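Fold and contact review
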Amino acid sequence: MSEREMSERATPHQHATDAEASAKDDAPPEAHTETEARSDATATAEPAADAGSTAPVTTGAESVTRALEAAGVEYCFGVQGGAIMPVYDALYDADLTHVTMAHEQGAAHAADAYGIVSGEPGVCLATSGPGATNLVTGIADANMDSDPLLALTGQVPTGMVGSDAFQETDTTGVTTPITKENYFASDADTAGDAVGEAFALARAGRQGPTLVDLPKDVTTGTTDEEPAEGRLPETYDPPERADEAAVAEAAAVLASADRPVVLAGGGVIKGEASPELRGFATEHGIPVVTTMPAIGAFPEDHPLALEMAGMHGTGYANMAITHCDAMLAVGTRFDDRLTGGVETFAPEAEIVHVDVDPAEISKNVHADYPLLGDAGTVLAQLDDAMGDTAVESKPAGNTPAAGDAPAAGSTRTNGNEPTAESEPAAGSTSRVNDRYREWREQCQQWKEEYPMDYPRPDDEPLKPQYVVERVDALTPEDTVVTTGVGQHQMWACQYWTYREPRTWVSSHGLGTMGYGLPAAIGARLAAEDDQSVVCFDGDGSFLMTIQELAVAVREDLDVTVVVLNNEAVGMVRQWQDGFFEGRRMASEYPWVPDFETLAEGFGARGFTIEAASEVDSVMGEALAHDGPSVVDAHIDPGENVYPMVPSGGSNGEFVLAEEQL
Amino acid sequence: MSGGLQGPAPGERPQPAGRRNAQGIRIDPEVEAEPEPRRTVLSALVENEPGVLATISGLVSRRQFNIESLTVGPTTNPETSRVTLVIEEPEPGIRQVETQLAKLIHVISVRELGTDAVRRELVVLKVHGGSPEKVHAITEMYGGRTLDAGPRTITVEITGGEQEIDDAIDAFRQFEIREIARTGQTALARGEEWTTHAEEERYEQPEET
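Note that this is a predicted model, so its numbers are computed, not measured.

Cut-offs applied
Residues numbered from 1 in each chain as written. Chains lettered and ligands numbered in written order. Predicted model: local features only at pLDDT ≥ 70, side-chain atom pairs only at ≥ 80, totals over all residues. Helix = DSSP H or I, 4+ residues; strand = E, 2+ residues; numbered from the N terminus. Rg over C-alpha atoms; globule rule 2.2 N^0.38 Å. Contact = placed C-beta atoms within 7 Å. Buried ≥ 20, exposed ≤ 12 C-beta atoms within 10 Å, placed from the backbone. Core = buried A, V, L, I, M, F, W, Y, C linked by C-beta atoms within 7 Å. Nonpolar A, V, L, I, M, F, W, Y, C, P; charged D, E, K, R; others polar. Pairing = 2+ DSSP bridges. Axes fitted to C-alpha atoms, helices over the stretch in contact; angles between N-to-C directions. Domains from an automatic or database assignment. Parallel < 35°, antiparallel > 145°, perpendicular 65-115°, else oblique. Left-handed = near helix turned anticlockwise from the far one by under 90°. pLDDT = per-residue confidence, 0-100.

1. Quick look at the overall build of chain B
- Within chain B, the regular secondary structure consists of five helices and 11 strands.
- Relative to its length of 209 residues, chain B is extended, with a C-alpha radius of gyration of 24 Å against a globular reference of 17 Å.
- Once the C-alpha set of chain B is aligned to its principal axes, its extents read approximately 85 × 50 × 40 Å.
- A separation threshold of at least 6 residues defines the contact pool for chain B, and within that pool the share at least 24 residues apart is 69%.

What follows is the structure, given as structure tokens:
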């Protein structure tokens, strides 16, 4: 794991030693400007000297950091500031590593990505007012994608709340619509309890962001209360197992269907249900389509994989979800980028919807058979129930045992085995599989009819698809990919072959440009040491959070940023060409900085690629560099993303070229 | 410029004949009909925490739920309050309000009340004081009470079902209504039935005297 790396960089022990040496001489850093906190802050310096997270808690701030330690938090991402200073002071002695980000938005995205890759809530910190509002984009992003995230924000002292004090914002008010729940810590004795509960809630059930607002008098206030173990609120009880009768009905529908598909959503990855999904699909021979957040839930090189559906999904995925007669949708909220117009979404399918959140049932698309529960548990229930519907028993040895499926995050991929697993399903096993054979053949035929092959004429500039394909080829299979938002993101979806869950890290629901680089930082710290982390970014997205390069350099993080540079907000330019008569208002940049020089200026390695012939050698060098590097790939500015389903359109009518719009 | 991808153009592909309506429900395209909105009452038992009402009203507004009224008040248990919402939505919308409310951490339980539920609303009406006898007569007719009578204005209260209140207001129009304050409906399930499923366990017996 990354613990070793961490201990070199910023060990708690070193901190403790420093604290010992300086506790007597140094006034707390905030003493110059923040007089009201002085007495309490000075008080914290003493127990700090004997170092230990075992030392009794003396302040609200210490109870906050103690709660984080107790929750097993290893990293947190944040930016200092007045009202959060007491918490940072407590972090000085805490047994966790703080990564100082350049901007709070970066802190939120880094924490979000940390949560996606590790499965545990990422933690970000910010001060009151602008610190908290800068987190808002990242929190909203986590909320849309159900990413586990805990945000801790400083707040002005309780007595000043409501007086429009310096750097005061109604943080709980602002974040109510974009958090799963938020908390206003009311006293030092319970501040740590709130943090423990917020952490537990962020990771439970349908994951999501939570926030604890920490007024300065609460964090500096004295207490000897150790935080309680992080417990879920009494009123929170996410469903685990689906109702057996409902499962049986749903299984019967799938078993009697002729053209079933599995639509895997992000909940499959969040619920660690990828092994169950693989087992279910291969055992029953049902083709699998994923949503964007579910990329990696099912190996894309598997014969049953139809990859991503929706606005820029593959033609074959969109054909399959349009023509299916039964759909097993797992952990998806039927976002409009997936469904297109709901009028034409899977219009002939009976929909079995598995979800842990009852509010997602029939929210956007009617669920004929809702199954409430944990994705993996319900898939296993369905698998059992489907078994009962098969007439002939399967020959021994042909069924992939549950234990055979690779564990989430494992470097082993079953990409090599699937042919053996899935095709024999046809013919040799149950009647159920025989029934689907024609449908599987149809899906294969669509794969041939609508290949993702793109033209790459010699006389045209570098194609972004080629860059993505080559970087995929040059990196190990378990490489983590992060992206910004726009055309580059779609090419990164389409032309990289994902095989494992938690290797695709992106901003799906909110579509936050600038997500990629800070996400790469969070992903790097969450990933295994031997995993590579690549960020595909657009020139527009990169410029929104480029300052985080300073953090990657400072922390010496091995990440490779590949900028697919078309000197434009390319997706907007594509839409202007398609829907606004080519009136390219504010989408093309008349000048773009030289990212190679900029990277070097930040202290990272910088590279530039102009031609396809340079891709392998330059990328090879950039990937080999043990530290942050930026590759500025000058791509064809005219390249568009296809297939495309226009907003609100019919998935089955995806267009393959601009003239079809 | 981009060459695009291969494959049959949209017009050359088979398309399914089926269709869904705007609510995502599969329909017969021949007899397409929009689902009718229905007026109904939801009752929510909530924890007495600061901001619960703001959270609920924020949820209603940002999800564009069509709401007629929202009332809140204490229950037998000092730790809980009851929120009563009157909404007008087609069936999927009603289920959305219900499940989205239930998802809020401080909401303990939510239920749509049946049509037989006991529902009441109070209106305070202020009319011009020109004909006190007639005002009194109408007030009596609706089982109301006179709260204040002066030479220029008369203020009365009427309690009743939604329709009854509407009728009463109509009847008072002849006196020129100056002002109206209406509470919105509050409701309980009828008979022995508990209003929401978590009521019984949180019921606090009044102290014996």
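After presenting the structure, the write-up continues.
2. With respect to the overall build of chain A
- When its secondary structure is counted, chain A shows 27 helices and 18 strands.
- Relative to its 661 residues, chain A shows a buried fraction of 59%.
- Nonlocal contacts in chain A, meaning residues at least 24 apart in sequence, comprise 77% of its contacts between residues at least 6 apart.

3. A word on the nonpolar core
- Ranked by size, the top nonpolar core spans 190 residues in total, and within it Ala107, Cys124, Ala320, Met327, Val352 and Val562 of chain A carry the most contacts.
- The contact partners of Ala107 of chain A, leaving out residues within four places of it in the chain, are Phe77, Gly78, Val79, Met101, Cys124, Leu125, Ala126 and Leu135 of chain A.
- Counting residues in hydrophobic clusters, the runner-up holds 19 residues, among them Leu45, Val97, Leu101 and Ala187 of chain B.

4. Here's the deal with the interface of chain B and chain A
- At the interface, 35 residues of chain B touch 40 residues of chain A.
- When contributions to the side of chain B that touches chain A are tallied by element, the ones reaching two or more residues are β1 (19-20), α1 (52-62) and α2 (91-103) of chain B.
- With seven residues, α2 of chain B is the largest single contributor of residues to the side of chain B that touches chain A.
- Within the side of chain B that touches chain A, the residues separate by chemical class into 12 nonpolar, 16 polar and seven charged.

5. Observations regarding the sheet that holds strand β10 (residues 326-330) of chain A
All names here are of chain A.
- What the six strands build is an open sheet, ordered β9-β8-β7-β10-β11-β12; its pairing is parallel. The outermost strands of the open sheet, each flanked by one partner alone, are β9 (305-308) and β12 (369-372). On average, adjacent strands in this sheet sit at an angle of 15° to one another, irrespective of strand direction.
- Pairing between strand β11 (residues 350-355) and β12: four bridges, direction parallel.

6. Regarding the domain arrangement of chain A
Residue and element names in this part refer to chain A.
- The assigned domain composition of chain A is domain 1 (3-220), domain 2 (244-449) and domain 3 (464-642).
- Listed per partner, the contact involves 18 residues of domain 2 and 16 residues of domain 3.
- Among the residues making up the side of domain 2 that touches domain 3, the classes are represented as eight nonpolar, seven polar and three charged.

7. Some words on the environment of Ala367 of chain A
All names here are of chain A.
- By the element assignment, Ala367 lies in the loop between β11 and β12.
- Once the C-alpha coordinates of Ala367 and His353 are considered, the two residues, 14 residues apart in sequence, prove to be 5.8 Å apart.
- With residues up to four places along the chain from it excluded, the contact list for Ala367 reads Ile351, His353, Ile361 and Ser362.

8. As for the packing of helix α20 (residues 464-474) of chain A against helix α21 (residues 487-494) of chain A
Residues and elements named next belong to chain A.
- It is the contact of α20 with α21, at a shortest axis distance of 9 Å, that shows an interaxial angle of 45°. The orientation of α20 with respect to α21, classified from their angle, is oblique. Where α20 crosses over α21, the handedness of that crossing is right-handed. Contact with α20, carried on its side by Pro464, Gln465 and Val468, involves His488, Trp491 and Ala492 of α21 and no other residues of that element.

9. Focus on the domain arrangement of chain B
All names here are of chain B.
- For chain B, the assigned domains are domain 1 (38-116) and domain 2 (118-187).
- Relative placement of domain 1 and domain 2: their C-alpha centres are 28 Å apart.
- The interface is formed by nine residues belonging to domain 1 together with six residues belonging to domain 2.
- Breaking the side of domain 1 that touches domain 2 down by element, the ones donating at least two residues are β3 (38-47), β4 (67-74) and β5 (80-89).
- When residues in the side of domain 1 that touches domain 2 are grouped by element, the largest group, four residues, is from β4.
- The class makeup of the residues in the side of domain 1 that touches domain 2 is four nonpolar, five polar and no charged.

10. Some words on the confidence of the model for chain B
- On average, residues of chain B carry a pLDDT of 93, and 97% of them reach 70 or more.
- The complex model carries a pTM of 0.89, and its ipTM stands at 0.92.

11. Let's talk about the sheet that holds strand β15 (residues 533-538) of chain A
Residues and elements named next belong to chain A.
- With parallel pairing, the six strands of this open sheet are ordered in space as β14-β13-β15-β16-β18-β17. The open sheet is flanked by β14 (504-505) and β17 (605-609), the only strands paired with a single partner.
- Lying over the sheet, α21 contacts β13 (480-483), β15 and β16 (560-565), oriented at roughly 140° with respect to β15.
- Relative to β17, helix α26 (residues 595-602) is tilted by about 175°, and along the sheet it contacts β16, β17 and β18 (629-634).

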